[in-house]
Amino acid sequence: MTEAWPALPEGSRLALREILIHGVLSRAEIARSLGLSRASLTRAMRILVAHRLVVEVGTDVRGATGRPSELLQASTGVWEFLGVKLTKDRLYAAVTDLGGRVLALHEEAIVSPAPDHLADQVSAVADRLRDAHPAVCAIGVSLPGDVVERDGASIVAASQFLGWRNVPFAGLVGERSGLTVFTANDVHALTAKEHWLGAGAGRRSMVLVTVGEGIGLGLIANGQVSTGAHGRLGRIGHLAVLGGGPDCGLGHAGCTSSFLPSPVIVRNAGRSGMSYDQVVELARSGDARALAAFEDAGRALGVVLASAVLIADPSAIVLTGDGLPVYDLARSAVDESLRAALKPYDEPVTIEVQPFEFSEWARAGAVLAIRRLLDD
Ligand SMILES: [Zn+2]
């Protein structure tokens, strides 16, 4: 029997958020970072302990006063979450605990992208995973599309990959599974996850850039994920990067999509019909045309990164995606074009490379559910 997520007062939500982000915290540290009085903290923590959201794991005497302070961390085994990442043809799922630790992974082909069918499929996957993980209390689905809030409901306004318009997907999966369901754009969800638990943990400002079949960008500003007025923040797939390049198909000569998406690199290398991985191998073995295609892609990536820096002024950029070989193969082209595009500023940019795995995108769905339940 699944326990429903409790309604938590603000102090408890904020305290739990601090604990989740930092892993283990003492009461003294929580009180200090939230500016809570002793009485408020006691009340906030009592509620979290009563709902078995946090557990005490010893005491800490590091504080300035030298007085011991109880250490708290997220409980395990009581509250679990299902994250789902949809691509145009596959479904990836991860069960995590409250701390975002992965407990189970699953993937399968998408049978049909029709919203009703896909909601049936997600719900069936949830049912199967809940046999072994009955503590799953909410689902977070991350998908390639524009997700907006409309009249209190989460709506996929458009998804080119899935062929959807105005689909209330969270509602469809919620009706079938009986669980609370959240949806978000996949890049925004991954950005939120990296901000909480990954390379960007604890940063007030951060940009995430994904490279692969598509190019995406996510933004943390003032400690929050930004999604934009239409759920489209970070659609940089057709950003003008290098003048005079090949037409991307939409009449732009020299946009991101003229150079950087993996299938475009394959084409620009003159190897249509080969896989991206094969062209990566060719470039690694010194094939001049393959290397030239990667260098063009690298120059485009440098401009993308510089644009992100100029617009968002982040403390770090997290770079990820299955197109990461661009950054390996054309690092000097990336760096040179980044430096040139950033002039007159010359401070170094912190770039954290995060290896790509679909399971991390599924995990991001679970973290999305946790964040939403905490109103974060
Ligand atoms: Zn274009």
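Everything that follows concerns the structure shown earlier in this document.
Going along each chain's sequence as written, the residues are numbered from 1 onward. Local features in this predicted model are restricted to residues whose pLDDT is 70 or higher, and side-chain atom pairs enter the listing and the counts only when it is 80 or higher, whereas totals over whole chains, interfaces and linings include all residues.

Whenever I open this one, the overall build of the chain confuses me. Can you help?
Note on conventions: DSSP H or I runs of at least 4 residues are helices, E runs of at least 2 residues are strands, and numbering of each starts at the N terminus. When you go through the chain residue by residue, the secondary structure sums to 13 helices and 16 strands. For the radius of gyration, the atom set is restricted to C-alpha positions; the globular benchmark scales as 2.2 Å times the number of residues to the power 0.38. For a compact globule of 376 residues, the expected C-alpha radius of gyration is about 21 Å, and the chain comes in at 22 Å, within 12% of that figure. Its C-alpha atoms give the chain principal-axis dimensions of about 65 × 50 × 40 Å. Residues with at least 20 neighbouring C-beta atoms inside 10 Å of their own are called buried, those with 12 or fewer are called exposed, and the rest are partly exposed, where every C-beta is derived from the backbone. Residue burial in the chain is summarised as follows: out of 376 residues, 46% are buried. A residue pair is marked as a contact if its C-beta atoms, positioned from the backbone, fall within 7 Å. Within the chain, counting contacts between residues at least 6 apart in sequence, those at least 24 apart form 63% of the total.

Explain the sheet that holds strand 10 (residues 164–167) to me, please; I cannot follow it from the model alone.
To summarise the sheet geometry, strands pair through backbone hydrogen bonds and adopt either a parallel or an antiparallel arrangement. Overall, antiparallel pairing links the three strands, which are arranged 8-9-10 in an open sheet. Sheet topology places strand 8 (146–150) and strand 10 at the edges, where each strand pairs with a single neighbour. Neighbour-to-neighbour, the strand axes of the sheet open up by a mean angle of 25°, direction not taken into account. As defined by bridge partners, strand 8 adjoins strand 9 (residues 153–159) across five bridges and the pair is classed as antiparallel. Note that in strand 9 the partner of Val147 across the bridge is Val156. Here the rule is simple: two strands pair whenever DSSP picks up at least two bridges between them. Axis lines are fitted to C-alpha atoms, over the contacting stretch for helices. Their N-to-C directions set the angle, which ranges from 0 to 180 degrees.

Before we go on, may I ask you to explain the sheet that holds strand 5 (residues 90–97) in this structure?
Spatially, the five strands line up as an open sheet ordered 6-5-4-7-11, and their pairing is mixed. At either end of the open sheet lies a strand with only one pairing partner, and these are strand 6 (102–109) and strand 11 (180–185). Within the sheet, the average angular offset between the axes of one strand and its neighbour, ignoring direction, is 20°. Here seven bridges tie strand 5 to strand 6, and the two strands are oriented antiparallel to one another. The residue of strand 6 that forms the bridge with Arg90 is Ala109. Its contacts with the sheet place helix 4 (residues 115–132) against strand 4 (80–86), strand 5, strand 6 and strand 7 (136–143), and it is angled at close to 35° to strand 5. Across the sheet, helix 13 (residues 358–373) touches strand 4, strand 5, strand 6, strand 7 and strand 11, and the angle it forms with strand 4 is around 130°.

What exactly am I supposed to notice about the packing of helix 2 (residues 27–34) against helix 3 (residues 38–50) here?
Running from N to C, helix 2 and helix 3 cross one another at 115°; their axes reach a closest spacing of 10 Å. Note on packing geometry: the crossing formed by helix 2 with helix 3 is right-handed. Seen from helix 2, the contacting residues are Arg27, Ile30 and Ala31; seen from helix 3, they are Arg38, Leu41 and Met45. Each residue is assigned to one of three groups, with Ala, Val, Leu, Ile, Met, Phe, Trp, Tyr, Cys and Pro labelled nonpolar, Asp, Glu, Lys and Arg labelled charged, and all others, Gly among them, labelled polar. Grouping the amino acids of the contact of helix 2 with helix 3 by side-chain chemistry returns four nonpolar, no polar and two charged. It is the rotation of the near helix from the far one that decides the hand of a crossing: anticlockwise by less than a right angle makes it left-handed, clockwise makes it right-handed.

Sorry, what's going on with the environment of Gly83 here?
Mapping Gly83 onto the fold places it in strand 4. For the pair formed by Gly83 and Ala138, sequence separation is 55 residues and the distance between their alpha carbons is 8.6 Å.

Sorry if this is basic, but what is going on with helix 10 (residues 288–312) here?
Side chains three or four residues apart in an α-helix point the same way, a direct result of the helix having 3.6 residues per turn. Over its 25 residues, helix 10 extends 36 Å from the first C-alpha to the last, a length consistent with the 36 Å expected when each residue adds 1.5 Å. Positive backbone phi, approximately 45°, marks Asp313, located one or two places after helix 10. Expected span of a helix, by definition, is 1.5 Å for each gap between consecutive residues, and there is one gap fewer than residues.

What is the right way to look at the packing of helix 1 (residues 10–22) against helix 2 in this model?
Helices that pack against each other are described as a pair by the angle of their axes relative to one another and the distance between those axes. Packing of helix 1 against helix 2 leaves a shortest axis separation of 10 Å and a crossing angle of 115°. With respect to the hand of their crossing, helix 1 and helix 2 are arranged in right-handed fashion. Contact residues: helix 1 offers Leu14, Ala15 and Glu18, while helix 2 offers Ile30, Ser33 and Leu34. Classifying every residue of the contact of helix 1 with helix 2 gives four nonpolar, one polar and one charged.

Got a minute to help me understand unusual backbone geometry in this structure?
With omega at 15°, the peptide bond leading from Lys343 into Pro344 counts as cis. With respect to the helices and strands, the residue Pro344 is situated in the loop between helix 12 (331–342) and strand 16 (351–353). A positive phi angle is found at Asn166, which is not glycine, with a value near 50°. Tracing the backbone through its elements, the reader meets Asn166 in strand 10.

Whenever I open this one, the environment of Tyr92 confuses me. Can you help?
Relative to the elements of secondary structure, Tyr92 occurs in strand 5. When the C-alpha atoms of Tyr92 and Gly254 are compared, they prove to be 34 Å apart, with 162 residues separating the residues in sequence.

Is there a simple way to think about the nonpolar core in this case?
Where a protein is soluble and globular, its nonpolar side chains tend to be buried together. Structurally, a nonpolar core is described as a collection of buried Ala, Val, Leu, Ile, Met, Phe, Trp, Tyr and Cys residues joined by way of C-beta atoms within 7 Å. The biggest cluster of nonpolar side chains holds 112 residues, and the ones touching the most others in it are Leu82, Ile139, Val209, Ala297 and Val304. Among the elements that make up this core, the one with the highest residue count is helix 10 (11 residues). When sequence neighbours within four positions are dropped, the list of residues in contact with Val209 reads Leu217, Val304, Leu305, Ala308, Ile317 and Leu319.

What's the story with helix 5 (residues 169–177) in this structure? I'm lost.
Here helix 5 has its buried residues at Phe169, Ala170, Val173, Gly174 and Ser177. Mapping the buried residues of helix 5 onto a view down its axis gives an arc of 130°, with all of them on the same face. Residues of helix 5 that are buried sit in contact with helix 4, strand 7, strand 9, strand 10 and strand 11. One or two positions beyond helix 5, positive phi appears at Gly178, with a value near 75°. Of all possible arcs, the one meant is that of the directions from the helix axis to the C-beta atoms.

What should I look at first to understand the environment of Arg267 in this one?
Within the secondary structure layout, Arg267 lies in helix 8 (residues 262–268). It is 37 Å that separates the C-alpha atoms of Arg267 and Ala170, two residues lying 97 residues apart in sequence.

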